[in-house]
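Architecture at a glance
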Amino acid sequence: DAGITQSPRHKVTETGTPVTLRCHQTENHRYMYWYRQDPGHGLRLIHYSYGVKDTDKGEVSDGYSVSRSKTEDFLLTLESATSSQTSVYFCAIDRGNNNGYTFGSGTRLTVV
Amino acid sequence: AQSVSQHNHHVILSEAASLELGCNYSYGGTVNLFWYVQYPGQHLQLLLKYFSGDPLVKGIKGFEAEFIKSKFSFNLRKPSVQWSDTAEYFCAVNGNSGNTPLVFGKGTRLSVIA
């Protein structure tokens with residue numbers, strides 16, 4: 001939808017393993033975001049990026065790292081997955097001109 | 001720090017009833033305000049937004065919201081809901097200057113029954 005895709009769509013992983021989620025955009029937007037969605041918590045910001053190699057932490061960044069080596073890709077890595085990181089992860093891009101964010105379809109991650 | 005409070009966790013309405021979902025925010029500056037909708041199993045979609053000007057903004061699917069600066073509120077309204085409005089609704093805010101990330105409320109689940 002609107003030039004933003006997330007992969008994988010679903011993943012089950014074991015506790016302690018590293019996991020990388022990918023967000024890909026085709027529209028060359030500068031700002032990209034990773035949020036997690038949990039019942040009763042809404043969406044909480046994990047990390048965001050304001051350009052290639054420029055990233056910053058959000059509200060719930062512990063246990064996560066990100067990388068943006070090129071404009072179109074924003075990767076989220078769970079360094080050592082824990083059950084508390086079971087969640088739905090959404091990537092978003094800021095399309096600028098006060099148009100708000102466009103969200104990807106999400107990745108449902110289960111850590112067992 | 002910015003925060004958003006949505007007062008209702010779950011609202012159940014009959015078709016054709018009127019809807020008002022509350023949203024209050026905390027932020028020490030000029031803000032941009034948004035309402036997003038998430039239909040079951042889908043991602044978030046923008047319903048409407050406020051940046052400046054007329055505090056009553058109209059969005060898609062007959063929704064509107066009113067920004068009341070003195071109350072730090074941005075309530076969402078619809079005069080007559082339909083079964084297809086069943087979804088989760090999120091209010092969000094960010095600062096008007098620069099590109100501060102959006103802060104979301106915890107969401108309100110709306111169930112519309114026939």
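The structure reproduced in this document is the subject of the present report. These numbers come from a predicted model, not from an experiment.

A few words on the overall build of chain B. Within chain B, the regular secondary structure consists of zero helices and twelve strands. Going from N to C terminus, chain B has its helices and strands arranged as β-β-β-β-β-β-β-β-β-β-β-β. A globule of 114 residues ought to have a C-alpha radius of gyration of about 13 Å, and chain B, at 14 Å, matches this closely. Considered along the principal axes of its C-alpha atoms, chain B spans approximately 45 × 30 × 20 Å. The 114 residues of chain B split such that 47% are buried.

Once that is clear, we can look at the state of the cysteines. All names here are of chain A. All chains considered together, the criterion is met by two disulfides over all chains. Cys23 shares a disulfide with Cys91; S-S distance 1.9 Å. On the sign convention where negative means left-handed, the S-S torsion of about -75° between Cys23 and Cys91 marks this disulfide as left-handed. Of this pair, Cys23 sits in strand β3 (residues 19-25) while Cys91 sits in strand β9 (residues 87-94), and the two are 68 residues apart along the sequence. Cys91 gets classed as buried once you look at its relative accessible area, which sits at 0%.

We now examine the sheet that holds β3 of chain A. All names here are of chain A. Here four strands make up an open sheet; going across it, the order is β1-β3-β8-β7 and the pairing antiparallel. Strands at the two margins of the open sheet, each flanked by one partner only, are β1 (4-7) and β7 (64-70). Strand-to-strand twist across the sheet, computed as the mean angle between neighbouring axes with direction ignored, equals 20°. Sheet topology places β1 next to β3; four bridges connect them, and they run antiparallel. Within the sheet, the bridge partner assigned to Ser7 lies in β3 and is Arg22.

Turning our attention to the nonpolar core. All names here are of chain B. Core analysis: the largest hydrophobic core is formed by 28 residues, its most contacted members being Leu33, Trp35, Leu47, Leu48, Phe74, Leu76 and Tyr89. Elements represented by at least two residues in this core include exactly β2 (10-14), β3 (19-21), β5 (31-38), β6 (45-50), β8 (64-68), β9 (73-78), β10 (87-95) and β12 (108-113). Setting aside chain neighbours within four positions, we find Phe74 in contact with Cys23, Leu33, Phe34, Trp35, Leu48, Tyr50, Val57, Ala65, Glu66 and Phe67.

Listed per partner, the contact involves 20 residues of chain A and 18 residues of chain B. Both sides of the chain A and chain B interface together cover about 1,500 Å² of buried area, and 55% of this is carbon and sulfur. For the pair chain A and chain B, the interface holds zero salt bridges. The interface formed by chain A and chain B holds four residue pairs in polar contact (both at pLDDT 80 or more) in total. Within the residue set of the side of chain A that touches chain B, elements represented by two or more residues are β4 (32-38), β5 (42-51), β9 and β10 (101-103) of chain A. Take the side of chain A that touches chain B: its biggest share by element is four residues, from β5 of chain A. Its residues assigned to classes, the side of chain A that touches chain B comprises nine nonpolar, nine polar and two charged.

Residues and elements named next belong to chain A. The omega angle of the peptide bond from Ser7 to Pro8 is -10°, so this bond is cis rather than trans. Relative to the assigned elements, Pro8 resides in the loop between β1 and β2 (10-13). Residue Asn28 is not a glycine yet carries a positive backbone phi of 65°. Position of Asn28 among the secondary structure elements: in the loop between β3 and β4.

Cut-offs and rules
- Residues numbered from 1 in each chain as written.
- Chains lettered and ligands numbered in written order.
- Predicted model: local features only at pLDDT ≥ 70, side-chain atom pairs only at ≥ 80, totals over all residues.
- Heavy atoms only, no water.
- Helix = DSSP H or I, 4+ residues; strand = E, 2+ residues; numbered from the N terminus.
- Rg over C-alpha atoms; globule rule 2.2 N^0.38 Å.
- Buried < 20%, exposed > 50% of the residue type's maximum accessible area, 1.4 Å probe, protein only.
- Disulfide = S-S within 2.5 Å.
- Pairing = 2+ DSSP bridges.
- Axes fitted to C-alpha atoms, helices over the stretch in contact; angles between N-to-C directions.
- Core = buried A, V, L, I, M, F, W, Y, C linked by side-chain atoms within 4.5 Å.
- Contact = heavy atoms within 4.5 Å.
- Buried area = accessible area lost by both parts, 1.4 Å probe.
- Salt bridge = Lys/Arg side-chain N within 4 Å of Asp/Glu carboxyl O.
- Polar contact = N/O pair within 3.5 Å; in protein donor to acceptor, adjacent residues only side chain to side chain.
- Nonpolar A, V, L, I, M, F, W, Y, C, P; charged D, E, K, R; others polar.

Function cannot be inferred from these measures alone, as they are strictly geometric.
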